[in-house]
Amino acid sequence: MKKENKSTTKVNVLVGSKQTELDNRSQLLKLMQTSPIPDSEVLMNLGLFLKRQDLSRILFMNELYQKQVGVHGSIFEFGVRWGQNLALFETMRGIYEPYNYNRKIVGFDTFEGFPSVDKKDGVNPIIKKGSYDVVKGYENYLSQILQCLENENPIAHIKTTHLVKGDASKSIKTYLKEHPETIISMAYFDFDIYTPTKECLLAIKPHLTKGSVIGFDELNFQAFPGETIAVQEVLGLSSYKSQRSPFGVLQSYIVFE
Ligand SMILES: C[S@@+](CC[C@H](N)C(=O)[O-])C[C@H]1O[C@@H](n2cnc3c(N)ncnc32)[C@H](O)[C@@H]1O
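Residues numbered from 1 in each chain as written. Predicted model: local features only at pLDDT ≥ 70, side-chain atom pairs only at ≥ 80, totals over all residues. Heavy atoms only, no water.

Side note on the sheet that holds strand 3 (residues 161-165)
Selection rule: Here, any two strands with at least 2 DSSP bridges between them count as paired. Segments assigned H or I by DSSP are reported as helices when at least four residues long, segments assigned E as strands when at least two residues long, and all are numbered from the N terminus. Every axis corresponds to a line fitted to the C-alpha atoms, with the helix fit spanning only the stretch in contact, and the corresponding angles, defined between N-to-C directions, vary from 0 to 180 degrees. Two residues qualify as a contact provided that any one of their heavy atoms is within 4.5 Å of a heavy atom in the partner residue.
If you trace the 6 strands from one edge of the open sheet to the other, you get 3-2-1-4-5-6, paired in mixed fashion. Unpaired on one side and paired on the other, strand 3 and strand 6 (252-255) mark the two borders of the sheet. Between one strand and the next, the sheet's axes are offset by a mean angle of 15°, whatever the strand orientation. As judged from the 4 bridges shared by strand 1 (residues 74-78) and strand 2 (residues 105-109), these two strands associate in the parallel manner. Directly across from Phe-78, in strand 2, lies its bridge partner Phe-108. The sheet contacts of helix 3 (residues 52-68) involve strand 1, strand 4 (184-189), strand 5 (208-216) and strand 6, and relative to strand 4 the element is tilted by about 155°. Against the sheet, helix 6 (residues 168-178) makes contact with strand 1, strand 2 and strand 3, and its axis sits at roughly 145° relative to strand 2, the strand it touches most.

Below, the structure written as structure tokens:
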């Protein structure tokens, strides 16, 4: 992948922080970039730079992962972006079920941001084609990271992580046609928008089993109404208990019964 100047890479994302927080984060970032830690010890000291919010998110994913360990099937993430969740799920697989090579971890993304938006997605300025894009060719870089993490786990010769590039409203149907054996133990929805959330929910429904965990990143969140509307239309909000964890403010999940 061509090296980009990260400080000038233009990406359109929603940022809800105040200036003092942004300044503090700039300082922490600068300290990370100028770290005196030798290369041989950098990877084992990443916790130095984990803020409360970021560690909480990791702990939330850990909670979800544990909830689905006893359910047979694969993990799907809808909306991958830089891929941290996929990386965490692969590492958690190595911790909680190191010999379960049957647990595929599959991520769906355009890797070009929102392909389109719907009226139901509302009027926030972030709601436009191309928001949440990543740098060109990023999926190749992410694949290499995921392979390194797989190599740290047992039975590494059986590939468990997979990236599916393209508009997931279409690619989910192709994937499930090509993999009719699929059972989904956990799906994490983080598209933020209506159409792919609705289409993917409809597509995966026949592949869920009792106990499947479905996580959502933005339910009841004003900036992204489309995610809630899609859930309401496909599953019905009163049909499942919408559950939360102290580790997530916006995140929630249901257990499919
Ligand atoms: C908020 S980001 C995901 C963040 C990521 N889950 C994380 O935790 O860092 C939303 C992602 O959904 C993707 N996306 C939105 N609509 C899509 C669609 N129809 N098909 C595939 N990807 C889509 C965007 O490209 C973007 O990467």
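Some remarks on the nonpolar core
To keep things clear, this is the line we draw: In these notes, a set of buried Ala, Val, Leu, Ile, Met, Phe, Trp, Tyr and Cys residues joined through side-chain atoms within 4.5 Å is what counts as a nonpolar core. Categorising residues by exposure relies on relative accessible area from a 1.4 Å probe, with only protein chains included: less than 20% of the type maximum marks a residue as buried, more than 50% marks it as exposed, and the intermediate range marks it as partly exposed.
Membership of the largest hydrophobic core comes to 34 residues, with the highest contact counts inside it found for Phe-76, Phe-78, Phe-108, Ile-172 and Phe-189. Those elements that provide at least two residues to this core are strand 1, strand 2, helix 6, strand 4, helix 7 (194-204), strand 5 and helix 8 (225-234). Residues contacting Ile-172, with those up to four places away along its chain left out, are Phe-76, Phe-78, Phe-108, Cys-200, Ala-203 and Ile-204. Grouped together as the second largest cluster of nonpolar side chains are 23 residues, Phe-60, Leu-64, Ala-87 and Phe-111 included.

Quick notes on the side chain of Glu-77
We apply this condition: Asp and Glu count as negative and Lys and Arg as positive, but His and the ends of the chain are not part of the count. Every case where a carboxyl oxygen of Asp or Glu lies within 4 Å of a side-chain nitrogen of Lys or Arg is listed as a salt bridge. Counted as a polar contact is a pair of N or O atoms within 3.5 Å, where, for protein atoms, one must be capable of donating a hydrogen and the other of accepting one, and residues adjacent in sequence contribute only when both atoms are in side chains.
Mapping Glu-77 onto the fold places it in strand 1. Buried charge without a partner: Glu-77 forms no salt bridge, and the closest opposite charge is Arg-57, 5.7 Å away. Within polar-contact distance, the side chain of Glu-77 engages the side chain of Asn-85 at 2.7 Å.

With respect to the packing of aromatic side chains
Geometry of an aromatic ring pair is reported as the spacing of the ring centres plus the angle between the planes. This is how it is decided: The criterion for an aromatic pair is that two Phe, Tyr or Trp rings (for Trp, the six-membered ring) have centres within 6.5 Å, with stacked assigned to planes under 30 degrees apart, edge-to-face to planes over 60 apart and tilted to the rest.
What the rule picks out here adds up to 16 aromatic pairs. Relative to Tyr-175, the ring of Phe-108 has its centre 5.7 Å away and its plane inclined at 80°; by these criteria the two rings are edge-to-face. Taken together, the positions of Phe-108 in strand 2 and Tyr-175 in helix 6 put the pair 67 residues apart, joining distant regions of the chain. A network of ring pairs unites the aromatic residues Phe-76, Phe-78, Phe-108, Tyr-175, Phe-189, Phe-191 and Phe-216 as a single cluster.

What to know about unusual backbone geometry
A positive phi angle, near 55°, is found at Ile-155, a position not held by glycine. Relative to the elements of secondary structure, Ile-155 occurs in the loop between helix 5 (138-151) and strand 3. Unlike most non-glycine residues, Asp-192 shows phi in positive territory, near 80°. Along the polypeptide, Asp-192 turns up in the loop between strand 4 and helix 7. A relative accessible area of 4% places Asp-192 in the buried class.

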